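# Summary of the model geometry
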Amino acid sequence: MNAAVSTAVFGGFMVLTVVLGLRAVRGRGAGGGLAEWSVGGRSLGTVFIWVLMAGESYTSFSYLGAAGWGYKFGAPVLYVLAYMSCGYALGYVVGPMLWAYARRHGLVGITDMIAHRYRAPWLGAAVAVLATVCLLPYIQLQITGMGVVVSTISYGAISLDWAYFLGFAVTTGFVVISGLRGSAWVSVLKDVLVIGTLGFLAVYVPLHYFDGYGPFLDRIVAEKPQWLTFPGHDSGGLGQVWFITTTLVNSLTVVIFPTTVVGYLGARNAEALRRNALYLPFYNVLLFVPMLLGMAALFVVPGLVGADSDLALFRMVVDSLPAWAVGLVGAAAALSSIVPMAVFMLVIGTMWGRSVLGAIPRLNKGAAGADSGDGGGAPAGGRQKLWSQLVVVAAGALALLLTYTAPETLVRLSLISYEGMAQLVPMLLLGLVWRRLTLHAAVSGLVAGFTLVCVLVFGGHDPVCGMNAGIVGLAVNVAVALAVTWLGPRAADARPDAEVLALDDEFPRDGEPSRGGRLSPPVSS
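What counts and what doesn't
Residues numbered from 1 in each chain as written. Predicted model: local features only at pLDDT ≥ 70, side-chain atom pairs only at ≥ 80, totals over all residues. Heavy atoms only, no water. Phe/Tyr/Trp six-rings, centres within 6.5 Å; stacked < 30°, edge-to-face > 60°. Helix = DSSP H or I, 4+ residues; strand = E, 2+ residues; numbered from the N terminus. Lys NZ or Arg CZ within 6 Å of the ring centre and 35° of its normal. Salt bridge = Lys/Arg side-chain N within 4 Å of Asp/Glu carboxyl O. Buried < 20%, exposed > 50% of the residue type's maximum accessible area, 1.4 Å probe, protein only. pLDDT = per-residue confidence, 0-100. Contact = heavy atoms within 4.5 Å. Patch = residues over 30% accessible without salt bridge, like charges linked within 9 Å, V, L, I, M, F, W, Y side chains within 5 Å. Areas by Shrake-Rupley, 256 points an atom, 1.4 Å probe, with all protein chains shown as cover. Axes fitted to C-alpha atoms, helices over the stretch in contact; angles between N-to-C directions. Parallel < 35°, antiparallel > 145°, perpendicular 65-115°, else oblique. Left-handed = near helix turned anticlockwise from the far one by under 90°. Nonpolar A, V, L, I, M, F, W, Y, C, P; charged D, E, K, R; others polar. Expected span 1.5 Å × (residues − 1). Bend = angle between axes of the 7 residues up to and from the residue. Polar contact = N/O pair within 3.5 Å; in protein donor to acceptor, adjacent residues only side chain to side chain. Core = buried A, V, L, I, M, F, W, Y, C linked by side-chain atoms within 4.5 Å.

## A closer look at the packing of aromatic side chains
Considering all chains together, one arrives at 19 aromatic pairs under this definition. Judged by centre distance (6.5 Å) and plane angle (75°), the ring pair of tryptophan 434 and tryptophan 486 falls under edge-to-face. Of this pair, tryptophan 434 sits in the loop between α18 (425-433) and α19 (439-458) while tryptophan 486 sits in helix α20 (residues 469-487), placing them 52 residues apart in sequence. Taken together through their ring pairs, the aromatic side chains of Trp69, Phe73, Tyr79, Tyr83, Tyr138, Trp242, Phe257, Phe344 and Tyr418 make up a single cluster. Just above the ring of tyrosine 118 sits the side chain of arginine 117; from NZ or CZ to the centre is 4.6 Å.

What follows is the structure, encoded as C-alpha cells:
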C-alpha cells in the first residue's frame, strides 16, 4: 500500500512535468528556429532565468550527493556553498558580457563564441566534442540520482533499471519539443517542491529524531567532532588547501559552464542577468539543509558505506514519513534531476547541431541561407535545429547506456566534469577580453591543461599536494597560453575590436545610452 501511494503521487507529478514542458511552446508554433528552441528566443525574464539557473544549484546532488558528503566527510561539503556564492558574484560581470557578445553576433552557445572569436569553425567543433565528453557523465549523474530516488521512494517496487529509463523518457519527452522554454516552465514546479520539501525537512527531522536543533548539534559536537573540521572524517586529504582551490576553480568554471551560458543567452536583457546574480545567493541557504541532514543520518541510519551513503537523507524520509509525503519528496528530488538533465541534453544537442553536424555542407545540402541563430524560418536554421533534436535523443540514450554499464558515485562524476570544463576558461573568457591571445596559444593551453587533468584524475592523484587537480591543470593551461602568445606565431586579424572582443559599452544597462548612441544591439551573423 505504501508503495502504491507514494508511486501514484510521484507519477502524477511526472505527468504534470511533461504537460508543463509541452505547454511552454503553446502559441509559439513548433517551427521556431534554433534560437527559439535552444535559448528560448532570448526572451526569458528575471523570474524564468532565476528558476532555470537555480536548477544548476539544486540537482540530484542536493538531495543525494550533498547529504552523502555530509554523512561521509562533514565539513568539506561546504565547498559547494563557497564556489556557488563566488560564481554568482563573477556571473554579475561575466553573464552580461557573454549575453551581449552572443546577441551582437547571433550566437547560441560557447562553441559558437569560440569559433567566432578565433575565426575557426573547426575549433568550435572540437570544443563541442570535448565539452560533450565532460557533460555526458553529468547527464549520467542525473539519471543515476533520479533512479536511486525513484527506487527508494517506491519502497523497491520500481527497479533501478526502470527508474533510470523513466528519467530518460520523461526528460527527452519534453525537451526535444519545447527546448529551453520548457525547461524554464518545469523549473517553476521544481522550485516550489524543492523549497517546500527542504523547508519542511529542515524542521521535521531535528524535531522528530533529536527534539530540536540544540540536542542534535550538541550530539554532533560530542560524538562526531571530526565531521565539523577540515579535512573532515576519512576524506582522503580534503583540507583547507583543497577547499580554497576547489572553490576557486569551480567558481571560474560555473560561469562558463555550457548550461550556465545557455541560461545567460536565454535572458531578455542584460539587466535580468544582473538581478539574477543578486537573487541566486538566497537560494544557497537551502543547501545547508541536506548537508546538515546528512550528518543527522549518522545517528539515524548508521553504517552506510560507499554509494549507499548518498541515500542517507532518503533512508530517513522513508523511515519516518507517510507514503504520500515520501512521494512528494521523491517528486521534488526527481525534478531536481530532470531539469538540469534536460538543459545538459539540450546544450549537447545545440553544440553538435550548430558547430559539428550543422557545419558539414553535405549534411545541409539544399538548405539555403545562413542561420544567424535568431532567424526562425531559415532552412539552414531548421536543419540545425533538427540535427540538435536528434543529438539530444542520442546523447540521452548514450548516457542511459553508461548508467547501466559504468555506474559511478555521484560526486566524483560531478568533479571530473568541472575539472575538465575548467580548461575552457582561458580560451573563452581571456580570449574575449584580451585580443593578443592567439588561436595557437588558446589551443595549446587547452590541450596541455586538459591532458594534465586527465593524467591526475584517472591516475588517482586528485587532490595533488592537497590541491584540486583542476586548478593545477588551469595554471598550466594559462602558462602555456601566455608563453605561446608571446613566443609563437601571431596571425593577422584585421577585424575591429567590436567584432572580436566583448565590449561592455556596446550594451549598456537598460535605459542608459551607449557610447555609440544605440539602445539595442543589432543581430547579425
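## Some points on the pattern of salt bridges
Throughout the structure, instances matching the rule amount to 8 salt bridges. With a closest N to O distance of 3.8 Å, aspartate 493 and arginine 119 form a salt bridge. Of the two residues, aspartate 493 sits in the loop between α20 and α21 (497-500) while arginine 119 sits in the loop between α6 (110-117) and α7 (121-153), which places them 374 residues apart along the sequence. For aspartate 493, a relative accessible area of 25% translates into the label partly exposed.

## Some words on the confidence of the model for the protein chain
With 88% of its residues at a pLDDT of 70 or more, the protein chain shows a mean pLDDT of 84. Taken as a whole, residues 368-378 scores under 50 in pLDDT and shows 28 contacts with residues more than four places along the chain or in a different chain. Scored below 50 in pLDDT, residues 505-525 makes 32 contacts in the model with residues more than four places away or belonging to other chains.

## So, the side chain of asparagine 250
Counting through the fold element by element, asparagine 250 comes out in helix α10 (residues 240-254). Given a relative accessible area of 3%, asparagine 250 falls into the buried group. Look past the residues within four positions of asparagine 250 in its chain and what remains in contact with it is Tyr79, Tyr83 and Tyr418.

## Things to note about the side chain of threonine 350
By secondary structure assignment, the location of threonine 350 is in helix α15 (residues 323-356). We classify threonine 350 as buried; its relative accessible area is 6%. Among residues more than four places away in sequence, those in contact with threonine 350 are Trp37, Ser38, Val108, Ser355 and Ser388.

## Quick notes on a nonpolar patch on the surface
A cluster of nonpolar side chains, contributed by Met1, Val5 and Trp324, occupies part of the molecular surface with about 380 Å² of accessible area. Position of methionine 1 relative to the elements: it lies in the segment before α1 (2-23).

## Thoughts on the packing of helix α5 (residues 79-105) against helix α12 (residues 270-283)
In contact at an axis separation of 9 Å, α5 and α12 are set at 165° when each is read in the N-to-C sense. On the basis of their axis angle, the class for α5 and α12 is roughly antiparallel. Of the two elements, α5 crosses α12, and the hand of that crossing is right-handed. Here α5 contributes Tyr88, Gly91, Tyr92, Gly95, Pro96 and Trp99 to the contact with α12, which in turn contributes Ala270, Leu273, Arg274, Ala277, Leu278, Leu280 and Pro281. The residue inventory of the contact of α5 with α12, partitioned by class, reads 10 nonpolar, 2 polar and 1 charged.

## Structural notes on α15
For α15, built from 34 residues, the straight-helix expectation of 50 Å at 1.5 Å per residue is met to within 8% by its first-to-last C-alpha distance of 47 Å. Burial analysis of α15 places 31 of its 34 residues in the buried class, the great majority of the element.

## Thoughts on the environment of methionine 146
Within the secondary structure, methionine 146 is located in helix α7. Overall, methionine 146 belongs to the buried group, its relative accessible area being 0%. Residues methionine 146 and glycine 330, 184 residues apart in the sequence, show an inter-C-alpha distance of 8.8 Å. Residues contacting methionine 146, with those up to four places away along its chain left out, are Phe10, Met14, Leu166, Gly167, Ala334, Ser337 and Ile338.

## Considerations on α12
Side chains three or four residues apart in an α-helix point the same way, a direct result of the helix having 3.6 residues per turn. Taking 1.5 Å per residue, 14 residues should reach 20 Å; α12 reaches 21 Å between its end C-alpha atoms and fits that length. The largest bend along α12 reaches roughly 30° and is located at alanine 277, with the proline proline 281 sitting one to four residues downstream. Looking at α12, one finds that the buried residues are Ala270, Glu271, Ala272, Leu273, Arg274, Asn276, Ala277, Leu280 and Tyr283. Where α12 is buried, its residues meet α3 (46-54), α5, α8 (160-210) and α11 (258-265). Measuring from the backbone nitrogen of glutamate 271 back to the side-chain oxygen at the start of α12 gives 3.3 Å, which picks out asparagine 269 as the cap.

## Thoughts on the nonpolar core
Of all hydrophobic cores here, the largest spans 163 residues; its most connected members are Tyr63, Leu98, Met113, Ile139 and Met427. Of the residues forming this core, the biggest block, 20 residues, is contributed by α15. In this view, tyrosine 63 contacts Leu193, Val194, Thr197, Leu198, Asp310, Leu313, Phe314, Val329, Ala332, Ala333 and Ser336; residues no more than four positions away in its chain are not counted.

## Notes on the packing of α6 against α7
In contact at an axis separation of 7 Å, α6 and α7 are set at 150° when each is read in the N-to-C sense. When the interaxial angle is binned, α6 and α7 end up roughly antiparallel. For the pair α6 and α7, the crossing hand works out as right-handed. Every residue of α7 that contacts α6 at Thr111, Ile114 and Ala115 is listed here: Pro121, Leu123, Gly124, Val127 and Ala128.

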